[in-house]
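Working through the structure, step by step
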Amino acid sequence: MDRTSLVAELNARGLRDDVMAGPLYKRLALALTGLIQEGLLKPGAPLPGERDLAEALKLGRVTVRTAYRDLMSSGALESRHGSGTFVSSKVERMEQPLWRLSSFSADMRSRGRSPAARILSRTINSPSPEESFLLGLGQDETVLRLDRLRLADGLPLAIERAVVPVKFLGNNAGGEGSLYDALAASGHKPVRALQRLTAVTLDPSSASMLNVKTGAPALLIERISRLEDQRVVEYTRSHYRGDAYDFVAELRIGDDL
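Residues numbered from 1 in each chain as written. Predicted model: local features only at pLDDT ≥ 70, side-chain atom pairs only at ≥ 80, totals over all residues. Heavy atoms only, no water.

Within an unreviewed UniProt entry, the label attached to the chain reads GntR family transcriptional regulator, and the organism entered is Rhizobium sullae.

In structure tokens, the structure reads:
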């Protein structure tokens with residue numbers, strides 16, 4: 001939402017109406033909260049500076065500053081040093097079962113969210129010695145290395161770094177859509193995978209891409225996926241926001257107990 005639209009929405013909510021009780025800063029904070037709850041102000045969206053918003057609304061700068069501080073205290077807004085004030089990028093936590101193999105895109109669609117990917121890097125070349133070992137490839141073969149920022153409803157949730165043998169992709173070299181859909185279209189859909197989860201903290205670059213603070217907790221997930229004939233089709237390292245995911249698994253007592 002641009003500044004003009006934001007100002008129009010706030011004015012439409014009757015900041016100066018006598019029927020609205022309380023001081024002006026409370027009314028402004030309530031109006032901003034309504035825009036956030038209704039989804040008109042998305043998580044991570046920037047807000048105008050105190051002076052700009054005060055002039056546009058014909059309010060005192062102290063009124064806007066106090067409203068912003070009120071919403072920061074409640075967690076609805078956050079201040080980023082040197083960048084300004086933003087709608088909090090905290091997200092509703094999602095449970096992700098560990099026993100089901102699915103792509104990010106399919107998982108988000110099943111939750112009624114709109115998945116997207118922003119390509120950070122895409123190269124096709126020879127595998128490294130480690131990749132050759134993990135993927136069972138010869139040095140004369142090639143791999144697609146695809147680094148992407150994964151988003152749901154425009155909110156960044158994960159940084160995904162995938163390595164896939166080009167021979168399994170054919171003409172579907174992967175990109176903004178689902179990598180698993182591209183593999184399935186070439187007749188090489190993964191059917192099983194081994195995942196390893198590690199608790200980590202985010203470096204400045206990764207934190208910036210995910211709209212969280214440097215050092216914020218994250219989950220590093222390393223996944224090796226296989227075809228029906230046991231050939232390795234994918235090796236992926238992904239950093240998931242720690243404030244967005246709970247990974248769960250069902251456990252059963254063993255027969256020997």
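Regarding its fold elements, the chain presents eight helices and 10 strands. Whereas a compact globule of 257 residues would reach a radius of gyration of roughly 18 Å, the chain reaches 23 Å, over 25% beyond that. The principal-axis extents of the C-alpha atoms in the chain amount to approximately 75 × 50 × 30 Å. A burial count over the chain gives 39% of its 257 residues as buried. Here the contacts in the chain between residues at least 6 apart in sequence split such that 58% fall between residues at least 24 apart. One finds the centroid of the 35 positive side-chain charges in the chain at a distance of 4 Å from the centroid of its 32 negative side-chain charges. (Helix = DSSP H or I, 4+ residues; strand = E, 2+ residues; numbered from the N terminus. Rg over C-alpha atoms; globule rule 2.2 N^0.38 Å. Buried < 20%, exposed > 50% of the residue type's maximum accessible area, 1.4 Å probe, protein only. Contact = heavy atoms within 4.5 Å. Lys, Arg positive; Asp, Glu negative; His and termini not counted. Charge placed at Lys NZ, Arg CZ, Asp CG, Glu CD.)

Quick look at the domain arrangement of the chain now. The domain architecture assigned to the chain consists of domain 1 (3–87) and domain 2 (94–248). Computed over C-alpha atoms only, the centres of domain 1 and domain 2 are separated by 37 Å. (Domains from an automatic or database assignment.)

Next up on the list: the side chain of Arg 150. Along the chain, Arg 150 falls in strand 5 (residues 143–152). Here the side chain of Arg 150 touches Glu 160 through a polar contact of 3.4 Å, side chain to side chain. (Polar contact = N/O pair within 3.5 Å; in protein donor to acceptor, adjacent residues only side chain to side chain.)

Attention now moves to empty space enclosed by the protein. Scanning the model with the defined rule gives one cavity of 30 Å³ or more in all. In this structure, the largest cavity encloses a volume near 80 Å³. Where the lining of the largest cavity is concerned, the elements lending two or more residues are helix 5 (104–110), strand 5, strand 6 (155–165), helix 7 (179–185) and strand 9 (232–241). In terms of residue class, the lining of the largest cavity is made up of four nonpolar, four polar and five charged. (1 Å grid on protein atoms, 1.4 Å probe; cavity = no way out; pocket = protein on both sides within 12 Å on 5 of 7 lines; lining within 4 Å. Points joined across faces, edges and corners; volume = space filled by probe spheres on them. Nonpolar A, V, L, I, M, F, W, Y, C, P; charged D, E, K, R; others polar.)

Glancing now at the pattern of salt bridges. This model, assessed by the stated rule, comprises 13 salt bridges. Note that Glu 50 and Arg 61 form a salt bridge whose closest N and O atoms lie 3.6 Å from each other. Of this pair, Glu 50 sits in helix 3 (residues 50–57) while Arg 61 sits in helix 4 (residues 61–74), and the two are 11 residues apart along the sequence. Note on Glu 50: relative accessible area 22%, which makes it partly exposed. Residue Arg 109 pairs with Asp 181 through a salt bridge whose shortest N-O separation is 3.8 Å. Remark: Asp 181 occurs in helix 7 and Arg 109 occurs in helix 5; sequence separation between them is 72 residues. We classify Arg 109 as partly exposed; its relative accessible area is 45%. Through salt bridges with shared partners, a single ionic network connects Glu 50, Arg 61 and Arg 65. (Salt bridge = Lys/Arg side-chain N within 4 Å of Asp/Glu carboxyl O.)

Gaps between atoms show up when a probe of the same size as a water molecule is rolled over them. One number sums up the size of the second largest pocket: a volume of about 320 Å³. Every residue lining the second largest pocket is counted, 22 residues in all, and those nearest its centre are Gln 96, Arg 100, Ser 102, Gln 195 and Arg 223. Breaking the lining of the second largest pocket down by element, the ones donating at least two residues are strand 3 (94–97), helix 5, strand 7 (192–201), strand 8 (217–226), strand 9 and strand 10 (245–248). The element contributing the most residues to the lining of the second largest pocket is strand 7, with four residues. Here the residues of the lining of the second largest pocket are counted per class, giving 12 nonpolar, six polar and four charged.

Turning our eyes to something else, we now look at the side chain of Ser 238. Mapping Ser 238 onto the fold places it in strand 9. The exposure class assigned to Ser 238 is buried, which follows from its relative accessible area of 4%. Apart from the residues lying within four places of it in its own chain, the contact partners of Ser 238 are Ile 159, Glu 160, Leu 219, Leu 220 and Ile 221.

One finds Leu 6, Leu 10, Leu 28, Leu 32, Leu 53 and Leu 57 to be the most contacted residues of the largest nonpolar core, which totals 22 residues. Listing elements by their share of this core, those giving two or more residues are helix 1 (3–12), helix 2 (24–37), helix 3 and helix 4. Considering each element in turn, this core owes the most residues, five residues, to helix 2. Those residues in contact with Leu 10 that lie beyond four places of it in its chain are Leu 15, Leu 28, Ala 31, Leu 32, Leu 35, Leu 53 and Leu 57. Met 94, Phe 104, Ala 152 and Leu 157 belong to the second largest nonpolar core, which has 13 residues in total. (Core = buried A, V, L, I, M, F, W, Y, C linked by side-chain atoms within 4.5 Å.)

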